[in-house]
Each structure stands twice: as C-alpha cells, then as structure tokens.
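Analysis of the macromolecular model
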Amino acid sequence: MKRRLFFLVLGLVLLLSAGARAQQARPDTVRTDSGLRYVVHQRGPGSLPKPGSRIVAHYTGFLPNGRMFESSATTGPLRFRLGRGEVIRGWDEVFALLPAGSRVRVWIPAALAYGAKGVRNPDDESQYQIPPDTDLIFELEVVKIK
C-alpha cells in the first residue's frame, strides 16, 4: 500500500512539474498586453489579416496538463471571420497577428478563452470538457486568409 501511494504521489509530482515547465516562457515567446503568449514556429509570407477577414486554420487544443481536448484533424478546419466574436477572444487576438502560412503555439489565459463557465462535455453534461477558469494551449496553423 505504501509503495502504491509513493508511486501515485511521484506521478502527481511529475505531472505538475511538467505542467509548470510548459508554462515557463521561452526566450522567443511573445507576450501581448492581454496576457496571451505565443511562439512562432513558422512565419507566413503574406500580410496580416484585417477585421472581417475570413480565416481558415488547423488547430489542436490542450489543457495545461497536456491532455488534448479537441483537434481540427477530427472536426475539420476552423473557419471564421476575424474580430466578429465568432471564436474565443484569444483566437481573435492571435489570428490578427498572423499571416497565412504561419504556425504557432499559443497560451491563452482563461479570461480570453471560456472563463468561469468552462465547456461542458457534450456526451456527459455532468462533466467538463474544459473546466472553468482553465488556461488553454493551442497549436495553430493559418491555412488561408480571404
């Protein structure tokens, strides 16, 4: 029993330390005034989108513990109009900074994501897909801007 408890605590410590390392800012991290942070893996060659531009993008979303909660690989590419409130505020902010062809990792504070309400699990309303007040991490790729 003590051995099992030891490994349970060890696993929890490793998980928490991995989450803390993921939150540490890298030297190439850009931080906006709102608290959003991003690292550019690849900068696209085009110009920045304007409000109202149609954005097509691929994404994968992660919780701070590293668990993936959604990906465009299963839902299809994200399509929205920039600055119209069709997506979380953090996405409206970061996509305005990225030309087509860009790939980034972005850390979005809970206040710019789903805030205190979180997102319920569509298969079990008693559970959360994204718990309240959870910061989110996304890998994003801007496919097209029109």
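Presented here is an overview of the structure given in this document. (Residues numbered from 1 in each chain as written. Predicted model: local features only at pLDDT ≥ 70, side-chain atom pairs only at ≥ 80, totals over all residues. Heavy atoms only, no water.)

1. Regarding the pattern of salt bridges
This model, assessed by the stated rule, comprises one salt bridge. Here R105 makes a salt bridge to E139, at a shortest N to O gap of 2.4 Å. Remark: E139 occurs in strand β9 (residues 136-145) and R105 occurs in strand β6 (residues 103-108); sequence separation between them is 34 residues. (Salt bridge = Lys/Arg side-chain N within 4 Å of Asp/Glu carboxyl O. Helix = DSSP H or I, 4+ residues; strand = E, 2+ residues; numbered from the N terminus.)

2. Comments concerning the nonpolar core
Core analysis: the biggest nonpolar cluster contains 26 residues, and W91, V94, F95, V106, I108, F138 and L140 have the highest contact counts within it. Of all the elements in the fold, those that place two or more residues in this core are β3 (54-62), β5 (78-81), α3 (89-95), β6 and β9. If we ignore the near neighbours within four places in the chain, the residues touching I108 are L36, I88, G90, W91, A113, D135, L136 and F138. (Core = buried A, V, L, I, M, F, W, Y, C linked by side-chain atoms within 4.5 Å. Buried < 20%, exposed > 50% of the residue type's maximum accessible area, 1.4 Å probe, protein only. Contact = heavy atoms within 4.5 Å.)

3. Notes on the side chain of T134
The topology assignment puts T134 in the loop between β8 (124-130) and β9. A polar contact is formed between the side chain of T134 and the backbone oxygen of P131, at a distance of 2.7 Å. In this structure T134 touches L63, P64 and A110, once residues within four positions along its chain are discounted. (Polar contact = N/O pair within 3.5 Å; in protein donor to acceptor, adjacent residues only side chain to side chain.)

4. Thoughts on the side chain of S102
Among the secondary structure elements, S102 is positioned in the loop between α3 and β6. S102 has contacts with Q42, R43, G44, L140, E141 and V142, leaving out every residue within four places of it along the chain.

5. Structural notes on unusual backbone geometry
Phi is positive for D133, which is not a glycine, with a value near 55 degrees. The exposure class of D133 is exposed, given its relative accessible area of 55%.

6. Observations regarding the pairing of β8
Successive side chains on a regular strand alternate, one facing one side of the sheet and the next facing the other. In the sheet, strand β7 (residues 119-121) pairs with β8 via three bridges, with the strands oriented antiparallel. Across the sheet, the residue bridging to N121 is D124, located in β8. (Pairing = 2+ DSSP bridges.)

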